[in-house]
Amino acid sequence: MALRGLAASGPGSRGPLDEAVAAAEERGAPAVVVAAGGAPEDDDEDEGRGRGLLRWDGFSAWLHCVCVVGFDLELGQAVEVSIYSFCFLFQKTNICYLSFPDSNSGCLGDTQFCFRFRQSSGRRVSLHCLLDHYDKDLPVYLKKDPAYFYGYVYFRQVRDKSLKRGYFQKSLVLISKLPYIHFFHTVLKQIAPEYFEKSEPYLEAACNDVDRWPAPVPGKTLHLPIMGVVMKVIPFISFADTHISVILPTVHEVDLFSQMLWELVLLGEPLVVMAPSPSESSETVLALVNCISPLKYFSDFRPYFTIHDSEFKEYTTRTQAPPSVILGVTNPFFAKTLQHWPHIIRIGDLKPAGEIPKQVKVKKLKNLKTLDSKPGVYTSYKPYLNRDEEIIKQLQKGVQQKRPSEAQSVILRRYFLELTQSFIIPLERYVASLMPLQKSISPWKSPPQLRQFLPEEFMKTLEKTGPQLTSRIKGDWIGLYRHFLKSPNFDGWFKTRRKEMTQKLEALHLEALCEEDLLLWTQKHTEVETVDLVLKLKNKLLQADRERLPVKPDTMEKLRTHIDAIILALPEDLQGILLKTGMT
């Protein structure tokens, strides 16, 4: 596989890179393009191995594309190198701007951060990339969202007098559907420094290594070679632990660890994080999203957001209320354009190791004028729950004793996990009661429906089986639940649970059918009714496969055996027709 020489392509241009991508997209082939000059090379290896999608199965299971963004004096940020799998580089303008820190950030040296952006509507997506059948076994916070991509960035800015601008500025970016933050940052740490020294051939070799990786199967130990190093990971464990370990690591003011931020995230309130750098911005946004784990955050969130984003107007308009989203920003311009937002978190610079931070009070929004304002939470929100003084004292003691940040993170992560579990358990208990009894499932009737979720009925259950059973925190839990039931997070959570329970009912119905003597049933009914039964059973099988219903291992095989036996008992002309219809 050789890299193809093409002209650079910046945010506002359409050049040879775009034409090559369009041509590749037309023929459905992988594309590898670079911004270096020179004529295209012949590639005997590509011809020998074939240019179809199978060549990039391994690569596209992990990544959609790899690109390098540099700074061009005429174009600004420009894509210099792009390596694609089935999915080609799209939203180029967004990626270019999101791959560089704002000029005010002053990020000298190496910086890592991530961003998230919405997939273009109508864009073709590779089934190899999605790997949905692996997703079902992952925790909710590690599941892919089909509407979004992640960008993982390794940015280098160093002085270089040989360049007109006086600085070397370049980002290596991995675009993926997978929300494995720490994992991809680790991969970038391994390949980016070497790439900046050795250029395109090194990057091509790294991509070939990724193409040899097995798919990220949950719970299975994987050995992933990357440029002479083998990473040993267990997707279910390694990705989960590292992904949720960044619990507000850049917010040193322990007052910000109160339940208020947890409540704001739980309720899907509009939040903006104003930080001095993309790394602090992205880490904090991801920490906020994960503080309600194991509950999934169902609204939008952008770890790093710029004024050039295609959705900038949508998120900054004053003609309507701010949407349910968490934005991470670094540009001072946002202090003005987002000052109408109801909740703003201002992140300060990192404190020297061992320095005890000052307490920071919650401030009124009117006090926030610029990005240079003091760190704190600017909001008029009144929390439903009382502040837990015990966790605050525990964290303060850790700072005084110079407890490692990793240990502080573990304490805080466990605290938020237990708090979320205390909140969600009463909901889980009530929703489970909406499930029909198994004895009401008849093989000869459609599966019974779930009972309706009645908010007031649920509220009555809290008196005896509420969060007070597992949490020491006092406050207006009822008010918090009422607010939550109107939030995007409840809507997403309940839709997910309802789907799971409906599928369970379908699975139980299938199992009930398998226990019946279906051949005996056909002997008591007409041929028309028997054919109708066969067609319905085949549809059941297709549905079970398509929706991956949670049936017992032998249920599907039993049903196929029933279908075959019924068909063989019919006249030959009907046998021929039914055997060709669907699957058996």
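Residues numbered from 1 in each chain as written. Predicted model: local features only at pLDDT ≥ 70, side-chain atom pairs only at ≥ 80, totals over all residues. Heavy atoms only, no water.

## Looking at empty space enclosed by the protein
- Under the definition given, this model contains 4 cavities of 30 Å³ or more.
- Roughly 70 Å³ of internal volume is contained in the largest cavity.
- Taken together, Leu 63, Val 66, Leu 174, Phe 184, Val 187, Ile 191, Leu 203, Ala 206, Cys 207, Val 210 and Trp 213 make up the lining of the largest cavity.
- Counting only elements with at least two residues in the lining of the largest cavity, the list comes to helix H7 (181-198) and helix H8 (200-211).
- Ranked by residues supplied to the lining of the largest cavity, first place goes to H8 with 4 residues.
- Within the lining of the largest cavity, the residues separate by chemical class into 11 nonpolar, no polar and no charged. (1 Å grid on protein atoms, 1.4 Å probe; cavity = no way out; pocket = protein on both sides within 12 Å on 5 of 7 lines; lining within 4 Å. Points joined across faces, edges and corners; volume = space filled by probe spheres on them. Helix = DSSP H or I, 4+ residues; strand = E, 2+ residues; numbered from the N terminus. Nonpolar A, V, L, I, M, F, W, Y, C, P; charged D, E, K, R; others polar.)

## A look at the environment of Gly 151
- Residue placement: Gly 151 occurs in strand E6 (residues 148-159).
- Expressed as a C-alpha distance, the spacing of Gly 151 and Phe 115, which sit 36 residues apart in the sequence, is 5.0 Å.
- Not counting chain neighbours up to four residues away, the residues in contact with Gly 151 comprise Phe 113, Cys 114, Phe 115, Val 173, Leu 174 and Ile 175. (Contact = heavy atoms within 4.5 Å.)

## Regarding the confidence of the model for the chain
- Here the chain averages 80 in pLDDT, while 77% of its residues score no lower than 70.
- Note on residues 1-10: pLDDT under 50 across the span, and 53 contacts to partners over four residues away in sequence or across chains.
- Confidence drops under a pLDDT of 50 for residues 240-256, and excluding neighbours within four residues, the segment shows 60 contacts in the predicted structure. (pLDDT = per-residue confidence, 0-100.)

## Digging into helix H14 (residues 389-400)
- The terminal C-alpha atoms of H14, which comprises 12 residues, lie 16 Å apart, in line with the 16 Å expected from a rise of 1.5 Å per residue.
- Turning to H14, its buried residues are Ile 391, Ile 392, Leu 395 and Gly 398. When H14 is viewed along its axis, its buried side chains cluster within an angular range of 125° and face the same direction. Every exposed residue of H14 that faces more than 90 degrees away from the buried side is listed here: Lys 393 and Gln 400.
- The elements touched by buried residues of H14 are helix H15 (405-432).
- Looking at the residues trailing H14, positive phi occurs at Lys 402, about 55°. (Expected span 1.5 Å × (residues − 1). Buried < 20%, exposed > 50% of the residue type's maximum accessible area, 1.4 Å probe, protein only. Arc of directions from axis to C-beta.)

## What to know about the pattern of salt bridges
- Evaluation of the coordinates by the stated rule reveals 24 salt bridges.
- Across the pair Lys 540 and Glu 506 runs a salt bridge, and its minimum N-O distance is 3.0 Å. Separated by 34 residues along the polypeptide, Lys 540 in helix H20 (residues 527-547) and Glu 506 in helix H18 (residues 488-514) bring together distant segments of the chain. For the pair shown, Lys 540 and Glu 506 are each scored as buried.
- Ionic pairing is found between Asp 554 and Lys 558, a salt bridge with its closest N-O pair at 3.6 Å.
- Residue classification places Lys 558 among the partly exposed positions, given a relative accessible area of 35%.
- One network of salt bridges, in which partners are shared, links Arg 116, Arg 118, Asp 145, Asp 300, Arg 302 and Glu 311. (Salt bridge = Lys/Arg side-chain N within 4 Å of Asp/Glu carboxyl O.)

## Points about the state of the cysteines
- This structure, assessed with the given rule, holds 0 disulfides.
- The thiol sulfur of Cys 65 is not disulfide-bonded, and the nearest other cysteine sulfur, from Cys 67, lies at 5.1 Å.
- A relative accessible area of 1% means that Cys 65 is categorised as buried.
- The thiol sulfur of Cys 96 is not disulfide-bonded, and the nearest other cysteine sulfur, from Cys 67, lies at 7.5 Å.
- On the basis of relative accessibility, which here comes to 0%, the residue Cys 96 falls in the buried class. (Disulfide = S-S within 2.5 Å.)

## Remarks on the packing of H7 against H8
- Relative orientation of the contacting elements H7 and H8 amounts to 150°, with a least axis distance of 7 Å. Classified by the angle their axes make, H7 and H8 are roughly antiparallel. Residues Gln 190, Ile 191, Glu 194, Tyr 195 and Lys 198 of H7 form the contact with H8, whose participating residues are Glu 200, Pro 201, Tyr 202, Leu 203 and Ala 206.
- Tallied by class, the residues present in the contact of H7 with H8 amount to 6 nonpolar, 1 polar and 3 charged. (Axes fitted to C-alpha atoms, helices over the stretch in contact; angles between N-to-C directions. Parallel < 35°, antiparallel > 145°, perpendicular 65-115°, else oblique.)

## A look at the pairing of strand E3 (residues 65-72)
- Most of E3 sits inside the fold, with 6 of its 8 residues counted as buried.
- One ladder, built from 8 bridges, connects E3 with strand E4 (residues 76-84); its direction is antiparallel. Bridge pairing in E4 links Cys 67 to Ser 82.
- The hairpin formed by E3 and E4 contains 3 residues between the paired strands.
- Here E3 runs beside strand E7 (residues 167-176); their pairing, made up of 6 bridges, is antiparallel. Following the sheet pairing, Val 68 is matched in E7 by Leu 172. (Pairing = 2+ DSSP bridges.)

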